[in-house]
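# An overview of the molecular structure
Below are the chains, spelled out letter by letter.
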Amino acid sequence: MRTIKTIAFTSVLALSVSCTPARQEASVLFRTAEIQPETRSLLTATDIETKKTGITLAAYESGSLVASAYYTEQLEAMTLNLEQGVPYTVYALVNMGDLRSSLPVSEAGLGSLAYRIPSYTEGTASLAERGLPMAGKLDYAGGSAVIPVERLLAKVTARLSCEWTGASIREVRVCNLNCVLRPFGDGAASGGKDILSEQEFQAGTGTDSGTFVFYVPENRQGTISGITASAGKSPDKSDAVAAKKDRLTYLETVVDASGQYKGSITYRSYLGRDAVSDFEIRRNAHYVWTVRYLENGLHLDDWKHDNDLMDPSGLDIDDGWDDGGESELH
């Protein structure tokens, strides 16, 4: 007779568990500027990074789905009916609703399982209501168990400073947000149809500097060769970038001017692990971008500098970046 055992599972965040470390920071190392207090993304809940509202569990035995369940209560003590003494692989899908009907019969199909983010803030299925999507798995061999999970979004901290007189940051946003996540594969937008209509947004500080925090869906777009400086990380300078521009995630900062300069300028820069050729946004990573907007780039008018300033003439050409730093994921 086969003995059926009720197994209790607990899901935990990878960032809070020592046995499953999170990825390290990716830092663009420019000069440190005096920064205003940190502001937050559209997702303003204080518990947004740890919030759990619903979990789908799936157990596979020898590559086949044998048990699944969906929980919205008692998320720290969930149960599955599994055979005692049999090895399983148990998967957890957090804050994505009831995905039992989407689970493949074969474990090999999990890499193709996709979840589309419906919205950041609109509706009961939004990230604001459900929390950040997370996923993880556990090779289960008996007893109570803890399933480590990772957030499927990255955290982006943008430390911005305008180094010219009269600058006032009006707003900052992250654009081209990928809405197609693959909990057990690589999430990457394949084109405009995979881009959310929303943008991660923060009102500006009304000063020339500030720190802004955003939550950005994984978007594994890799690297593009042939770019040798940050000025070239632009669809204006690279045909390869132009060919993928509808799927690449970027930071946009709108700055108003007063004094010598009048009007406004919008700065854009593609996110990634460096300021030159990398376009990767990886799940559960924390990217820290320190960006200086320099005065000797104020006369430029291109994709990186959407320029509506008056009388910026007589300045040397510069792309507005300090190219003395690099970005790495250590």
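One structure accompanies this document, and this report is about it. (Residues numbered from 1 in each chain as written. Predicted model: local features only at pLDDT ≥ 70, side-chain atom pairs only at ≥ 80, totals over all residues. Heavy atoms only, no water.)

## A look at the pattern of salt bridges
Note the following rule: Salt bridges are defined as contacts in which a side-chain nitrogen from Lys or Arg sits within 4 Å of a carboxyl oxygen from Asp or Glu. Each helix is a run of H or I in the DSSP string that is no shorter than four residues. Each strand is a run of E no shorter than two, and both are numbered from the N terminus. Residue burial is assigned from relative accessible area. The probe radius is 1.4 Å, only protein chains are included, and a residue is buried under 20% of its type maximum, exposed over 50%, and partly exposed in between.
Going through the model one piece at a time under the given rule, you end up with 17 salt bridges. With its nearest N and O atoms 2.7 Å apart, the salt bridge here joins Glu163 to Arg292. With a gap of 129 residues between them, Glu163 in strand β11 (residues 153-163) and Arg292 in strand β20 (residues 286-294) connect regions that are remote in the sequence. Its relative accessible area of 25% is what places Glu163 among the partly exposed residues. Its salt-bridge partner being Glu218, residue Arg283 comes within 2.9 Å of it at the nearest N-O pair.

## Brief notes about the pairing of β20
Test applied: Strands are treated as partners if at least two bridges between them are detected by DSSP.
The buried count for β20 comes to 8 of 9 residues, which makes it a mostly enclosed element. Across 9 bridges, the pairing between β11 and β20 is parallel. Considered in β20, the bridge of Cys162 is made with Tyr293.

## Comments concerning the nonpolar core
Threshold: Take the buried Ala, Val, Leu, Ile, Met, Phe, Trp, Tyr and Cys residues and link them wherever side-chain atoms come within 4.5 Å; each set so joined is a nonpolar core.
Leu160, Trp164, Phe214, Leu251, Val255 and Tyr293 are the most contacted members of the largest nonpolar core, which totals 55 residues. The dominant element in this core, judged by the number of residues it contributes, is β11, at 6 residues. By size, the runner-up hydrophobic cluster in this structure holds 21 residues, among which are Ala59, Val86, Ala92 and Ile147.

## What about unusual backbone geometry?
Here the phi dihedral of Ser62 falls at roughly 55°; this positive angle occurs in a residue that is not glycine. Residue placement: Ser62 occurs in the loop between β4 (55-61) and β5 (64-71). In this structure Ser62 comes out as exposed when scored by relative accessible area, which is 75%. Despite not being glycine, Gln74 shows a phi value in the positive range, around 50°. For Gln74, the location among the structural elements is in the loop between β5 and β6 (78-83). Residue Gln74 is classed as exposed on the basis of its relative accessible area, which comes to 67%.

## Here's the deal with the sheet that holds strand β18 (residues 262-270)
Where we set the bar: Fitting a line to C-alpha atoms yields each axis, with helices limited to the stretch in contact; the angle taken between N-to-C directions then spans 0 to 180 degrees.
Read from one edge of the open sheet, 5 strands run β14-β12-β17-β18-β21, paired in antiparallel fashion. Each edge of the open sheet carries a strand with a single partner, namely β14 (200-203) and β21 (305-310). Averaged over all pairs of adjacent strands, the angle between their axes in this sheet comes to 15°, without regard to strand direction. Sheet topology places strand β12 (residues 167-175) next to β14; 4 bridges connect them, and they run antiparallel. Looking at the pairing, Val172 lines up with Gln202 of β14.

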